[in-house]
Amino acid sequence: MQAYTSNSQPIDRSETVRLIDRQRPDWSLEQAFYADPAIFALERDLWFPRQWMLVAHASEVPEKGRYIVRQLFDEEIIVVRFGDGEEDIAAYYNICTHRGSRLCAKDGRGKLLVCPYHAWSFRLTGELQSRQDLPESVDPEALGLHRVPCKHFGGLVFCGLDANSLPDIQPVADGLTGGLRENGLDRARIVARKNYLTKANWKLVLENFLECYHCRPAHPEYYRVNGHVKVTATRDADKAVEWQNEIEAWHSVIGDAEFHKGAWQAGDLDTMPFAMHRKPIGSGRNTLSNTGEGVSCLMGGRHAYDGGESGFRLGRLSFASAANDYVTLFQMIPRSAMETDVILTWLVDKDADNDVDADAISWMWDVTTVQDKKITEDNADGIMSRAYRPGPYTPLESQTSFFVQTYLSELRSLITGTRGAPISQWSAPKELFASPKAASATRASDPQPKMPL
C-alpha cells in the first residue's frame, strides 16, 4: 500500500468512490482517508460546507463594535456584534473586497472595520463605507464584505461556509437552547482557552473522541474521575451493575424531571445532528475537578450541586460538557490532511470570582486532551507506514465505527450525486444512559464520546 506524503498526486473522484466501495464494515479506514491531501480537498469542497461549526461564545463580542478573528475550517472569519440586540451578531470572511487583503489581524473594537492596506473601511453590518476613491462605474453596494452564515443561541455562536449547502439550524436552536440556558451558558464568561494543535487527520481526532475503549490505558485521571468508564472503557458485568446502582441512586436524589431530560436528533447531509443528555459523574463527586469538590460558583441558577454532568453534541465536530459549576466547549477544526486544531474553552458564571482557579477548572479536560494529542499523533504516525492496514473496531468502539460508516456514505453521495440506501442505525447500550427514556429515544447520530450524552 502506498504511503502518502504532502507531494502525493491528486486522485480523481471515481478512485475515491472505488476506495469507499471496498471499505470493510466495522473496520478502520484505508490509509488514503487519513493522509491524502486529495481526499481532504474533496472534503473541503463537498463535506465541510454542509457543517455548522461552533466558532465562539457570545461573551467574546459583548457589546456593539467588538469583533474577533476566528477559524472556520481552513478559512479565517470575523465575528462582530453590530448592534445592541442579543441577536445582533454577524460574521464575514476576513478579506477586503478591494484587492483581497486580510482585513483584521486580531480581535478588536471599533465603529468600522478598516483594512490596513489601503484604509478601505466597512460598516459593522458589512457595507462598504469608503466611497470617495471608487471609479464612477463601480457600484459601492456590490463591494460589501462577504457574509458568512451565522446563528447565535444559548450563548453560543455557530457559522458555516455555504448558505446553500447548510442544513436548517433552527431545530437545533429549538432543541438545545433550554438545556444550554439551564446550564448557564447564556450568562457565562471565558476563564481559559487552549489549542491542542494535533498533527493528525480530523477523522482520527474525532474517532478517538467518540470512544472510551482507550480510557483505561491512556487516561488514568479521567478513568479515576468518571463513573461511566465502568461500561464505556471495559466489558465487565460486575462493573456494569455498579454503574447501574450509581445511576439509580442519583435518580432517587434528583427526581424524575431532571433524570429524564434530553434532546436528540439524528443527523444526515440535510439535518444537523444534536443531542443533550444528563448523567451522574459518580463516586459521590460534585463536579469534574481533581478532588470532586466545587471549583467555582454554581451555574444556571442552581442552588446546590446534584453531582451530574450534561453533555451536548453540537453538529458533527463540536461538543460541550457542563458540570454544575463550569462548562467545557470542544471545537475540532480540520486544517489540512494531517493537522487538526482541537480547541477547548472553559466557562464559568459571569459573576464568578475574578480570581477563580482556572487550573483547577481546566484540570481534567486539559490533562486528558494532552494525552489524546499524544496518542492520536502516534496513531497518525503509524498509519503513514507502508505496513498499515485497516483494523477491526471492537464493541466498545461502536460509535466510532458508526461515524466511519456515516462519513463514507455521505462522501460517496456528495461525489456521485446519488443517495445510497440508509445505513444500519447505531444504538448505544441502554446501560450507558441515566434515563431509560433517553435510551429508547436514541437516534443513529447520538454520540457516545468520553462524556456520554
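Structure: see above.
Here's a quick rundown of the structure.

About the cut-offs
- Residues numbered from 1 in each chain as written.
- Predicted model: local features only at pLDDT ≥ 70, side-chain atom pairs only at ≥ 80, totals over all residues.
- Heavy atoms only, no water.
- Pairing = 2+ DSSP bridges.
- Helix = DSSP H or I, 4+ residues; strand = E, 2+ residues; numbered from the N terminus.
- Axes fitted to C-alpha atoms, helices over the stretch in contact; angles between N-to-C directions.
- Parallel < 35°, antiparallel > 145°, perpendicular 65-115°, else oblique.
- Contact = heavy atoms within 4.5 Å.
- Nonpolar A, V, L, I, M, F, W, Y, C, P; charged D, E, K, R; others polar.
- Buried < 20%, exposed > 50% of the residue type's maximum accessible area, 1.4 Å probe, protein only.
- Expected span 1.5 Å × (residues − 1).
- Bend = angle between axes of the 7 residues up to and from the residue.
- Polar contact = N/O pair within 3.5 Å; in protein donor to acceptor, adjacent residues only side chain to side chain.
- Core = buried A, V, L, I, M, F, W, Y, C linked by side-chain atoms within 4.5 Å.
- Phe/Tyr/Trp six-rings, centres within 6.5 Å; stacked < 30°, edge-to-face > 60°.
- Disulfide = S-S within 2.5 Å.

Another aspect to go through is the sheet that holds strand β5 (residues 108-109). Strand order in the open sheet formed by five strands is β5-β2-β3-β4-β8, and the pairing between neighbours is antiparallel. Every other strand in the sheet has two partners, leaving β5 and β8 (147-148) as the edge strands with one partner each. The pairing of strand β2 (residues 66-72) with β5 spans two bridges and is antiparallel. Considered in β5, the bridge of R66 is made with R109.

Before going further, it helps to spend a moment on the packing of helix α3 (residues 37-47) against helix α11 (residues 398-416). In contact at an axis separation of 10 Å, α3 and α11 are set at 75 degrees when each is read in the N-to-C sense. As the angle between them shows, α3 and α11 are arranged roughly perpendicular. Contact residues: α3 offers I39, L42, E43, L46 and W47, while α11 offers Y407, E410, L414 and I415. Considered class by class, the residues forming the contact of α3 with α11 number seven nonpolar, no polar and two charged.

The residue I89 is located in strand β4 (residues 89-93) in this model. Residue classification places I89 among the buried residues on the basis of a relative accessible area of 7%. For the pair I89 and D381, spaced 292 residues apart in sequence, the C-alpha to C-alpha distance is 41 Å. Setting aside residues no more than four positions away along its own chain, I89 makes contact with A58, V61, V79, V80, R81, F82, C150, H152 and V157.

A separate point is helix α10 (residues 358-383). Counting along an α-helix, one turn takes 3.6 residues, and residues three or four places apart therefore face a common direction. Here α10 spans 36 Å end to end across 26 residues, near enough to the 38 Å set by a 1.5 Å rise per residue. Along α10, the helix axis deviates most sharply at M364, where the bend reaches about 45 degrees. Residue D357 occupies the N-cap position of α10, its side-chain oxygen lying 3.1 Å from the main-chain nitrogen of D359.

Residues F33, V55, L72, W202 and Y407 are the most contacted members of the largest nonpolar core, which totals 80 residues. Judged by nonpolar contacts, the second largest core, of 25 residues, contains I169, V172, A263 and M299.

Moving on, we come to the packing of aromatic side chains. A full pass over the atoms with the stated rule returns 16 aromatic pairs. Seen from their ring centres, W47 and Y407 are 6.4 Å apart, and the 75 degrees between their planes marks the pair as edge-to-face. Placement of W47 in helix α3 and of Y407 in helix α11 is noted, with a sequence separation of 360 residues between them. Each of the two residues, W47 as well as Y407, counts as buried. An angle of 10 degrees between the planes, with centres 4.6 Å apart, marks the rings of F48 and F73 as stacked.

Quick look at the state of the cysteines now. Taken as a whole and assessed by the stated rule, the structure comprises one disulfide. With a sulfur-sulfur separation of 2.1 Å, C212 is cross-linked through a disulfide to C215. Where C212 bonds to C215 through sulfur, the torsion about that S-S bond is close to -110 degrees, and the disulfide is left-handed. For C215, a relative accessible area of 0% translates into the label buried. The thiol of C115 is unpaired, and the distance to the nearest cysteine sulfur, on C96, comes to 3.9 Å. In this structure C159 is a free cysteine whose sulfur lies 3.9 Å from that of C150, the closest cysteine sulfur available.

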